[in-house]
Amino acid sequence: MLLRLLLASSGAVFWRMNAGAGDTVVAPIHQALERRGVAIEFFHVLRSVEVDPDSKQVLAIEFGVQATVAVTAPDGRYSPLVDLDGLEVWPTTPRYDQLVQGAELQQQGVDLESAWNDWPDVSTLRLERGRDFDTLVLGLPPSCLPMVAPDVLASSAPLRAAVDAIPTVATQGVQLWMNPTSGDLGAAQPATIATAFAPPIDTWADMSHLLAAEHWTPGDPPESLQYLCGVLPAAPAGPPVPDPSIPAAVHDRAGDDLRRWLDQHGATLWPAAAD
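Quick caveat, the model's predicted, so the values are computed rather than measured.

Take the overall build of the protein chain next. Check the secondary structure of the protein chain and you find seven helices and nine strands. The burial tally for the protein chain puts 27% of its 275 residues in the buried class. Of the contacts made within the protein chain by residues no fewer than 6 positions apart, 62% connect residues no fewer than 24 positions apart. Within the protein chain, the 34 negative side-chain charges are centred at a point lying 8 Å from the centre of the 15 positive side-chain charges.

Given below as structure tokens:
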């Protein structure tokens, strides 16, 4: 893997994107699929996978429907992207105006992407082999399979072994907007990317070029933007439960860890930011 990283890279080991990964990678794929007529459904959570023990074929899958699309949505379908200076991007929250339950979701501040949310499904969707599908692609992280697809694991010893052997590692991402420029902070110039730094936040990228794509009120906009990421030691153990306070508590602990990390290691990245 190291040889491929160093010798088979194209121009550089790391590349900086001109926007978020969701906007530069996922959004164009989404748009291409839509143009090809692919039906894309949002707000569906896989709840179970039913497998025939003899044939080992998937017989049915069941989804919980988190929200329904309002009839006033464009063409009656949920349109997820918003325009930001000519770039189609994913908004921070769902487009509530396109959802029947949008006002309630917005008022309660429900995070439908969180596995710990306590929002009840509004309905159930069951898809059956032969009637609704012939082939399925199960695109889930290994850690999800014991919860939603135990029958699949029971039907495949190799898959069961893989799931048992491959742990899931929680990660954290941090963005810091600073008033001085990166050069004034003492950071290496030109803007760089580094990894294998001080754990747990061991990867850093100077992403100040993204400031041009952000909207700031006039007066005192930031002059530099730093991205940091790494393993999240404070991640909760075990399967998620309906309790929104759990991710909130982990978020707070991660913030405390970040402050300690910056006290210990921040001056290495930005020598002029600390005495």
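After presenting the structure, the write-up continues.
The next point concerns the sheet that holds strand β1 (residues 44-51). Here we have three strands laid out as an open sheet, ordered β1-β2-β5, and antiparallel in their pairing. Sheet topology places β1 and β5 (123-128) at the edges, where each strand pairs with a single neighbour. The average undirected angle you get between the axes of adjacent strands in this sheet is 20°. Two strands pair when backbone bridges link them, and β1 and strand β2 (residues 58-65) are joined in this way by seven bridges, in the antiparallel orientation.

This part is about the environment of Ala 170. Note that Ala 170 resides in the loop between α6 (157-165) and β6 (171-178). Sequence separation between Ala 170 and Val 231 is 61 residues, and the spatial gap between their C-alpha atoms is 6.0 Å. The contacts of Ala 170, once residues within four sequence positions are left out, are Gly 230, Val 231, Leu 232 and Ala 235.

With 25 residues, helix α7 (residues 245-269) should reach 36 Å at 1.5 Å per residue; the first-to-last C-alpha distance of 33 Å fits that figure. Its maximal kink placed at Asp 263, α7 deviates by approximately 50°. Looking only at α7, the buried set comprises Val 250, Ala 254, Leu 258, Trp 261, Gly 266 and Leu 269. The elements touched by buried residues of α7 are β6, β8 (203-206) and β9 (224-231).

On to the pairing of β9, then. As a general feature of sheets, a regular strand has side chains that alternate between the two faces. Here β6 pairs with β9 via eight bridges, running antiparallel. Across the sheet, Leu 176 pairs through a bridge with Gln 226, a residue of β9. Alignment of β8 against β9, held across four bridges, turns out to be antiparallel. Bridging from a neighbouring strand, Thr 203 pairs with Cys 229 of β9.

Okay, the packing of aromatic side chains next. Summed over the entire model, instances satisfying the criterion amount to seven aromatic pairs. Relative to Trp 261, the ring of Phe 197 lies with its centre 5.8 Å away and its plane at 80°, an arrangement referred to as edge-to-face. With a gap of 64 residues between them, Phe 197 in the loop between β7 (193-194) and β8 and Trp 261 in helix α7 connect regions that are remote in the sequence. Ring pairs connect the aromatic residues Phe 42, Phe 43, Tyr 78 and Trp 90, which therefore count as one cluster.

We now examine the environment of Val 69. Topologically, Val 69 is positioned in the loop between β2 and β3 (82-84). Note on Val 69: relative accessible area 31%, which makes it partly exposed. Setting aside its immediate chain neighbours within four residues, Val 69 contacts Gly 76, Arg 77, Tyr 78, Gln 98, Leu 99 and Val 100.

Okay, a nonpolar patch on the surface next. A contiguous nonpolar patch, built from Leu 2, Leu 3, Leu 5, Leu 6, Leu 7, Val 13 and Phe 14 and spanning about 720 Å² of accessible area, is present on the exposed surface. Relative to the assigned elements, Val 13 resides in the loop between α1 (2-7) and α2 (21-35).

What follows deals with the side chain of His 30. When you line up the elements, His 30 lands in helix α2. Sequence-distant contacts of His 30, that is, excluding residues within four places in its chain, are made with Ile 40, Phe 42, Pro 80, Leu 81 and Trp 90.

Our focus in this paragraph is the pattern of salt bridges. On inspection of all chains with the given rule, the structure shows eight salt bridges. Residues Asp 256 and Arg 259 are paired through a salt bridge, measuring 2.6 Å at the closest nitrogen-oxygen approach. Of this pair, Asp 256 and Arg 259 both sit in helix α7, three residues apart, which is roughly one turn of the helix. One continuous salt-bridge network, built from bridges that share partners, spans Glu 50, Arg 126 and Glu 128.

Attention shifts here to the sheet that holds β7. On the basis of which strands lie adjacent, the open sheet formed by four strands has the order β6-β9-β8-β7 and antiparallel pairing. Edge positions in the open sheet fall to β6 and β7, since each of these has one partner strand only. Along the sheet face, α7 touches β6, β8 and β9 and points at about 60° away from the line of β6.

Quick notes on the rules
- Residues numbered from 1 in each chain as written.
- Predicted model: local features only at pLDDT ≥ 70, side-chain atom pairs only at ≥ 80, totals over all residues.
- Heavy atoms only, no water.
- Helix = DSSP H or I, 4+ residues; strand = E, 2+ residues; numbered from the N terminus.
- Buried < 20%, exposed > 50% of the residue type's maximum accessible area, 1.4 Å probe, protein only.
- Contact = heavy atoms within 4.5 Å.
- Lys, Arg positive; Asp, Glu negative; His and termini not counted.
- Charge placed at Lys NZ, Arg CZ, Asp CG, Glu CD.
- Pairing = 2+ DSSP bridges.
- Axes fitted to C-alpha atoms, helices over the stretch in contact; angles between N-to-C directions.
- Expected span 1.5 Å × (residues − 1).
- Bend = angle between axes of the 7 residues up to and from the residue.
- Phe/Tyr/Trp six-rings, centres within 6.5 Å; stacked < 30°, edge-to-face > 60°.
- Patch = residues over 30% accessible without salt bridge, like charges linked within 9 Å, V, L, I, M, F, W, Y side chains within 5 Å.
- Areas by Shrake-Rupley, 256 points an atom, 1.4 Å probe, with all protein chains shown as cover.
- Salt bridge = Lys/Arg side-chain N within 4 Å of Asp/Glu carboxyl O.

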